[in-house]
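Descriptive analysis of the structure
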Amino acid sequence: MLKEKKSLEDRLGIYTRLSEELEEIPELIEIAEELEDEDEAKTVIRSFDGIKDELEELKTRMLLSGKYDNKDAILSIHSGTGGVDANDWAEMLERMYLRYCEKKGFRTRILDRQDDVDYGIKSSTILVTGENAYGLLKSETGVHRLVRISPFNAMGKRQTSFAAVEVVPDIGDDIEVNINPSDLKIDTYRSGGAGGQHVNTTDSAVRITHIPTGIVVTCQNERSQIMNREVAMKILVSKLTRIAEEAHKENLNEIKGDQSMATWGSQIRNYVFQPYTMVKDTRTGAEVGNVDAVMDGDIDVFIRAKLSQDAAKKTQG
């Protein structure tokens, strides 16, 4: 409750400040014109652009009203159809999200990363910490499609590749969850990436399978098997909680059926590198021609469009 109160006070404070700064713009323009000072005029334009960007950011924050929107996020990326190109695509998406989080001031920690033998990654799970991390990233859940001239194809042919992204809120210790131990299959294996002396020397990595749903979570980047198991359980609880809410189930043990490939159900965005450059969201119609900027983490246009769309649907409903 106190966290929510502080967040509202912060938003009000930002709005008040921006309103005052906006009121000063006409006066600053007049001064620049009277002085015929081009540098001063450019300064005023930069100030106005800065205010506009902050207002857009504030508008986005105001759209976040979901139960878990203010939580941290657990973001998972899985390579799909497309062979080595898909593995490369998954790694490209990983970089895109890490760059986005960096620009937002979010902290990130890779909990698990499965490198491919040849190139790219099979999967990556990232903990994103920061205000409204889940609210901003939740709409990225879905299948992302890449179209480009494959750098791995000797014939230089165009290749279509797929990767799935899943984002769940980091529930933390806010709720008490009881999962039937008999529903879990827990395996340990040797970690396969950089991390410390324990890597490649002990079976510290943990894989947990929730048998009723087929959901599999893994963690290998913590310092011990116990810590990896705790983090893996945390991810599992978050995934099951989200599914339970979507299915309107109060008891996680009521969740049945194969949920392991749930994120593969819908293609949400196309990234076209050739024969033209365009990134287009299939749900909102939002599109950007600068593919390089998008891959460098500039995905706010898609996030804002989806949040606005969802807010409009709620209002109509």
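Residues numbered from 1 in each chain as written. Predicted model: local features only at pLDDT ≥ 70, side-chain atom pairs only at ≥ 80, totals over all residues. Heavy atoms only, no water.

1. Topic: the overall build of the chain
Our working definition: What counts as a helix is a DSSP run of H or I of at least four residues, what counts as a strand is a run of E of at least two, and both are numbered from the N terminus. Only protein chains enter the calculation, and the probe is 1.4 Å; a residue is then buried if its accessible area is under 20% of its type maximum, exposed if over 50%, and partly exposed in between. Working definition of accessibility: Shrake-Rupley area with a 1.4 Å probe, residue cover restricted to the visible protein chains.
Within the chain one finds seven helices and 11 strands. Relative to its 317 residues, the chain shows a buried fraction of 40%. In the structure as shown, the chain presents an accessible area of about 17,200 Å², 50% of it carried by carbon and sulfur atoms.

2. Some words on a negative patch on the surface
Rules: Surface patches are drawn from residues lacking salt bridges whose relative accessible area is over 30%; two like charges belong together within 9 Å, two nonpolar side chains (Val, Leu, Ile, Met, Phe, Trp, Tyr) within 5 Å. The term salt bridge refers to a side-chain nitrogen of Lys or Arg lying within 4 Å of a carboxyl oxygen of Asp or Glu. Under the convention used here, Asp and Glu are negative, Lys and Arg are positive, and both His and the chain ends fall outside the count. To locate a charge, the coordinates of NZ of Lys, CZ of Arg, CG of Asp or CD of Glu are taken.
Residues Glu20, Glu23, Glu24, Glu27, Glu30, Glu33 and Glu34 make up a contiguous surface patch of negative charge. Structurally, Glu33 is set in helix α1 (residues 2-35).

3. Considering unusual backbone geometry
The omega angle of the peptide bond from Gln274 to Pro275 is 5°, so this bond is cis rather than trans. Here Pro275 lies in the loop between β9 (267-272) and β10 (278-281). Positive phi, close to 65°, is recorded for Asn132, a residue that is not glycine. Positionally, Asn132 belongs in the loop between β3 (121-129) and α4 (133-137). Asn132 gets classed as buried once you look at its relative accessible area, which sits at 5%.

4. Considerations on the sheet that holds β9
Rule in force here: Strand pairing is assigned whenever DSSP identifies at least 2 bridges connecting the two strands. A contact between two residues is defined here by any heavy atoms of the two lying within 4.5 Å. Every angle, taken between N-to-C directions, lies between 0 and 180 degrees, and every axis is a line fitted to C-alpha atoms, over only the stretch in contact when it is a helix.
Here eight strands make up an open sheet; going across it, the order is β2-β3-β1-β5-β4-β9-β10-β11 and the pairing mixed. Among the strands making up the open sheet, the edge pair consists of β2 (107-115) and β11 (287-288). Sheet contacts for helix α5 (residues 225-246): β1 (73-79), β2, β3 and β5 (158-169); angle to β5, the most-contacted strand, approximately 90°.

5. Quick look at the environment of Arg190
Within the secondary structure, Arg190 sits in the loop between β6 (184-189) and β7 (205-210). Judged by relative accessible area, Arg190 falls into the partly exposed class, the value being 45%. For the pair formed by Arg190 and Asp203, sequence separation is 13 residues and the distance between their alpha carbons is 4.1 Å.

6. Observations concerning the side chain of Asp116
Here is the rule we go by: For the purposes of these results, a polar contact is taken to be a pair of N or O atoms within 3.5 Å, where, inside protein, one atom must be able to donate a hydrogen and its partner to accept one; residues adjacent in sequence count only when each atom of the pair is a side-chain atom.
With respect to the element layout, Asp116 can be found in the loop between β2 and β3. For Asp116, which is buried and forms no salt bridge, the nearest opposite charge comes from Lys122, at a distance of 4.5 Å. A polar atom in the side chain of Asp116 sits 3.2 Å from the backbone nitrogen of Tyr119. Those residues in contact with Asp116, other than ones at most four positions away along the chain, are Asn87, Ile121 and Lys122.

7. Description of the packing of aromatic side chains
Here the distance between the centres and the angle between the planes together describe a pair of aromatic rings. Put simply, the rule is: A pair of aromatic rings is counted whenever rings of Phe, Tyr or Trp (Trp by its six-membered ring) have centres within 6.5 Å, and the orientation is called stacked for planes under 30 degrees apart, edge-to-face for over 60 and tilted otherwise. Two conditions define a charge sitting above a ring: the NZ of Lys or the CZ of Arg must be within 6 Å of the ring centre, and it must be within 35 degrees of the ring normal.
Tallied over the entire structure, the rule returns two aromatic pairs. Sitting over the ring of Tyr189, Arg207 keeps its end group 4.5 Å from the ring centre.

8. Overview of the sheet that holds β6
Neighbouring strands of a sheet are bound in pairs by backbone hydrogen bonds; such pairs are parallel or else antiparallel. Strands sit in the order β6-β7-β8 across an open sheet of three strands; the sheet is antiparallel. The open sheet is flanked by β6 and β8 (215-219), the only strands paired with a single partner. Within the sheet, the average angular offset between the axes of one strand and its neighbour, ignoring direction, is 15°. Here β7 pairs with β8 via five bridges, running antiparallel.

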